[in-house]
Amino acid sequence: MDFRESDELAGHRAAARAWVEANVRPEWAEEQRRSGCHQTMELHERLARDGVLAAGWPAEYGGGDADPGYARAVFDECARAGLRCDGWATTSMVLHTILHVGTEEQKRRYLPGALRGEILIALGYSEPDSGSDVAAARTTAVRDGDAWVVDGQKMFTSTAQVCSHVFVLARTNPDAPKHAGLSLLLVPTDDPGFECRPIRTLGGQVTNATFYTGVRVPEAALIGEVDRGWNVMRIALVYERGVGGPASVDHAIAADLAAWARDARRPGGTTVLDDPLVAERIGRIAVEEEVSRLLGGWMDWHAAKGGVPGPEGAMRKLYWSESGRRHLADALDILGAEGLLAPGAPDAPAGGAFEHEFRAAAVTTVYGGASEVLRDIIAERRLGLPRSRPRVGPARPAGPA
Ligand SMILES: Cc1cc2nc3c(=O)[nH]c(=O)nc-3n(C[C@H](O)[C@H](O)[C@H](O)COP(=O)(O)OP(=O)(O)OC[C@H]3O[C@@H](n4cnc5c(N)ncnc54)[C@H](O)[C@@H]3O)c2cc1C
């Protein structure tokens, strides 16, 4: 395997930088921080207009000519400019899932609209009493003629405030065992029975509690087989944990920290970077960031081959979130009091990014599978170790992760 950046990739990066320079307004990153909404619709429209969203998707469902490597570089450059595209990240997870299990009609209905930027999908799995144990969902979908009627509440439905749909995990068979009576439905957020209330989190992100009262959706909104939603959701979760994600969620702390340490002076006049212990810590962060990036490449390779990796997704998600949190704690330790200067404070290192990212990193080890749960998946499915806790009820249906 050749790990050098190819000329093609370098070209994509240069083109992506030029795209971001021409299209991204600097105030958008500040607006995301202020509003806590990690999805900027004006940016999304431009990504759709220039075919970045459509890159790499099958042509028969609206995929475009732009090179996926270029699209990835654009998302990376957006992330570098402080812009998250979480709504698109969740949408692409659902689109991948539809490609795996959806009907031909669903592929033709949802993919082209999403790639044109008109359909944006939030994930509605968690509930007030079911997060890690997501199969305990109580939201129901009841068949009524040729429709489904959805009632219940979801927690942490991130970016639902700007999304057109929520991918809702609902109980369709209350008499079946816990994991066997679930289904996934695409619920439109413009239905009068849908309500969205904001929840501000430690990292500044505003996620949502969403409520569903008698929301009617057509039969065709049910993705995958009825009552087999557990397996459908597990495909989507694999994508959430690192396969083919459109935007890099990896941190890039080493470079920012090194830049600060090169200039910052200690009382004796030496720079912070002159301290070999500081240099060693920054070096270790750089190495771990690279491992994180390569694990992302590993996921992309799986996806490009059409596979659905199992515990590898858990490994990638566990690694980047846990190492990222450690790196930010290291960064604050090296920065000292200056590291506590928040965005907006004069002279805050890297514009206050360290303080903000430190808070944000705390929740990355919770969403998309809490670290303890991911360790269990790796132990059981990758290493073949025995379950750490007794199974309650009948065995779960087989699935990828
Ligand atoms: C910022 C943010 C955004 C989110 N966005 C979304 C979203 O868009 N859509 C969505 O559906 N959900 C979303 N979530 C919810 C997220 O997936 C859940 O928070 C997560 O699954 C954990 O569930 P919980 O909060 O109920 O905690 P719990 O499941 O109650 O876990 C609490 C603690 O117990 C531990 N624990 C639980 N079960 C086990 C076990 N079996 N073995 C060992 N330890 C265990 C956990 O690791 C954790 O430390 C988001 C959460 C956050 C914080």
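Note that the structure is predicted; figures quoted are calculated from it, not measured. (Residues numbered from 1 in each chain as written. Predicted model: local features only at pLDDT ≥ 70, side-chain atom pairs only at ≥ 80, totals over all residues. Heavy atoms only, no water.)

**Quick word on the UniProt feature "domain: Acyl-CoA oxidase/dehydrogenase middle" (unreviewed entry) in the chain**
To be explicit about the condition: UniProt positions are given in the numbering used here, feature names are shortened, and annotations may be inferred rather than shown by experiment. Put simply, DSSP marks the helices as runs of H or I at least four residues long and the strands as runs of E at least two long, and each gets a number from the N terminus on.
The sites that UniProt annotates as "domain: Acyl-CoA oxidase/dehydrogenase middle" (unreviewed entry) are residues 122-203. End C-alpha atoms of residues 122-203 are separated by 19 Å, and the span's content is 0% helix alongside 45% strand.

**Points about helix 5 (residues 86-101)**
The line we're drawing: A helix is expected to span 1.5 Å multiplied by its residue count minus one. For the exposure calls, accessible area comes from a 1.4 Å probe over protein chains only, and a residue counts as buried if that area is under 20% of its type's maximum, exposed if over 50%, partly exposed in between.
The end-to-end C-alpha separation of helix 5 is 23 Å, in line with the 22 Å expected for 16 residues at 1.5 Å each. The element helix 5 is extensively covered by neighbouring structure, given that 13 of its 16 residues are classed as buried.

**Considerations on the nonpolar core**
Here is a general trend for soluble globular proteins: nonpolar side chains tend to be buried in one another's company. Operational definition: Among the buried residues, those of types Ala, Val, Leu, Ile, Met, Phe, Trp, Tyr and Cys that are joined through side-chain atoms within 4.5 Å form a nonpolar core.
Of all hydrophobic cores here, the largest spans 71 residues; its most connected members are Trp19, Leu43, Leu47, Trp88, Tyr125 and Phe167. For this core, the leading source of residues is helix 7 (residues 229-240), giving seven residues. Judged by nonpolar contacts, the second largest core, of 18 residues, contains Ala254, Ala261, Ala264 and Ile334.

**A look at the pattern of salt bridges**
Put simply, the rule reads: A pair is scored as a salt bridge if a Lys or Arg side-chain nitrogen falls within 4 Å of a carboxyl oxygen belonging to Asp or Glu.
Evaluated as defined, the whole model comprises 28 salt bridges. Glu77 serves as the salt-bridge partner of Arg80, at 3.1 Å between the closest nitrogen and oxygen. Within this pair, Arg80 and its partner Glu77 are both found in helix 4 (residues 68-80), separated by three residues, close to a single helical turn. The partner of Arg197 in a salt bridge is Glu195, and the shortest N-O contact between them spans 2.8 Å. On the accessibility criterion, Glu195 (35% relative accessible area) is partly exposed. Among the charged side chains, a salt-bridge network with shared partners connects Arg25, Glu27, Glu42 and Arg46.

**Some remarks on the site of the ligand**
Stated precisely, the cut-off is as follows: Throughout, near means a residue has at least one heavy atom within 4 Å of the molecule or strand. Here a polar contact is taken to be a pair of N or O atoms separated by no more than 3.5 Å, where protein atoms must pair a possible hydrogen donor with a possible acceptor and residues adjacent in sequence count only if both atoms sit in side chains. The method behind every accessible area is Shrake-Rupley, applied with a 1.4 Å probe, and residues are considered shielded solely by the protein chains displayed. Under this grouping Gly is polar, as are all residues other than the nonpolar Ala, Val, Leu, Ile, Met, Phe, Trp, Tyr, Cys and Pro and the charged Asp, Glu, Lys and Arg. An automatic or database domain assignment supplies the start and end points of every domain.
As a structural note, the neighbourhood of the ligand is formed by 16 residues, with Ser126, Ser132, Phe156, Ser158 and Glu372 the closest of them. Ser158 is positioned with one of its side-chain polar atoms (N or O) 2.8 Å from a nitrogen atom of the ligand. Here an oxygen atom of the ligand and a side-chain polar atom of Glu372 are 2.5 Å apart. In isolation the ligand has 970 Å² of accessible area, and contact with the protein removes 68% of it. Sorting elements by how many residues they give to the shell around the ligand places helix 12 (residues 371-382) first, with three residues. Of the residues assigned to the shell around the ligand, the class counts are seven nonpolar, six polar and three charged. Residue-level mapping places the shell around the ligand at the junction of two domains, with at least three residues from each of domain 2 (122-227) and domain 3 (250-382).

**Describing the side chain of Thr91**
Note the following rule: Contact between two residues is taken to exist if any of their heavy atoms lie within 4.5 Å; hydrogens are not considered.
With respect to the helices and strands, the residue Thr91 is situated in helix 5. Apart from residues no more than four positions distant in its own chain, Thr91 is found in contact with Ala114, Ile119, Leu120 and Ile121.

**Let's talk about the packing of aromatic side chains**
Applied cut-off: Each pair of aromatic rings taken from Phe, Tyr and Trp, with Trp reduced to its six-membered ring, is defined by centres within 6.5 Å and is described as stacked if the planes are under 30 degrees apart, edge-to-face if over 60, and tilted in the remaining cases. When the NZ atom of lysine or the CZ atom of arginine is within 6 Å of a ring's centre and also within 35 degrees of its normal, the charge is said to sit over that ring.
This model, assessed by the stated rule, comprises two aromatic pairs. Seen from their ring centres, Phe194 and Tyr212 are 5.5 Å apart, and the 65° between their planes marks the pair as edge-to-face. Remark: Tyr212 occurs in strand 7 (residues 206-218) and Phe194 occurs in strand 6 (residues 194-200); sequence separation between them is 18 residues. Each member of the pair Phe194 and Tyr212 is classed as buried. Between the NZ or CZ atom of Arg197 and the centre of the ring of Phe211, over which it lies, the distance is 4.2 Å.

**Structural notes on the environment of Glu357**
Inspection of the secondary structure assignment puts Glu357 in helix 11 (residues 353-364). The sequence separation of Glu357 and Arg46 amounts to 311 residues, and the corresponding C-alpha distance is 26 Å.

**Details of the domain arrangement of the chain**
Quick note on the threshold: As a working definition, buried area equals the accessible area (1.4 Å probe) given up by two parts on being put together, with both sides summed.
Taken domain by domain, the chain comprises domain 1 (7-119), domain 2 (122-227) and domain 3 (250-382). Computed over C-alpha atoms only, the centres of domain 1 and domain 2 are separated by 24 Å. Together domain 1 and domain 2 conceal approximately 1500 Å² of surface at their shared face, both sides included; 66% is due to carbon and sulfur atoms. On the domain 1 side of the contact with domain 2, Val94, Gln106 and Tyr110 bury the most area, a combined 27% of that side's loss. Inspection of the region where domain 1 meets domain 2 yields zero salt bridges. Across the contact surface, domain 1 and domain 2 share four residue pairs in polar contact (both at pLDDT 80 or more). Looking at the side of domain 1 that touches domain 2, the elements with two or more residues in it are helix 2 (27-35), helix 5 and helix 6 (104-115). Sort the elements by how many residues they give to the side of domain 1 that touches domain 2 and helix 5 lands first, with eight residues.

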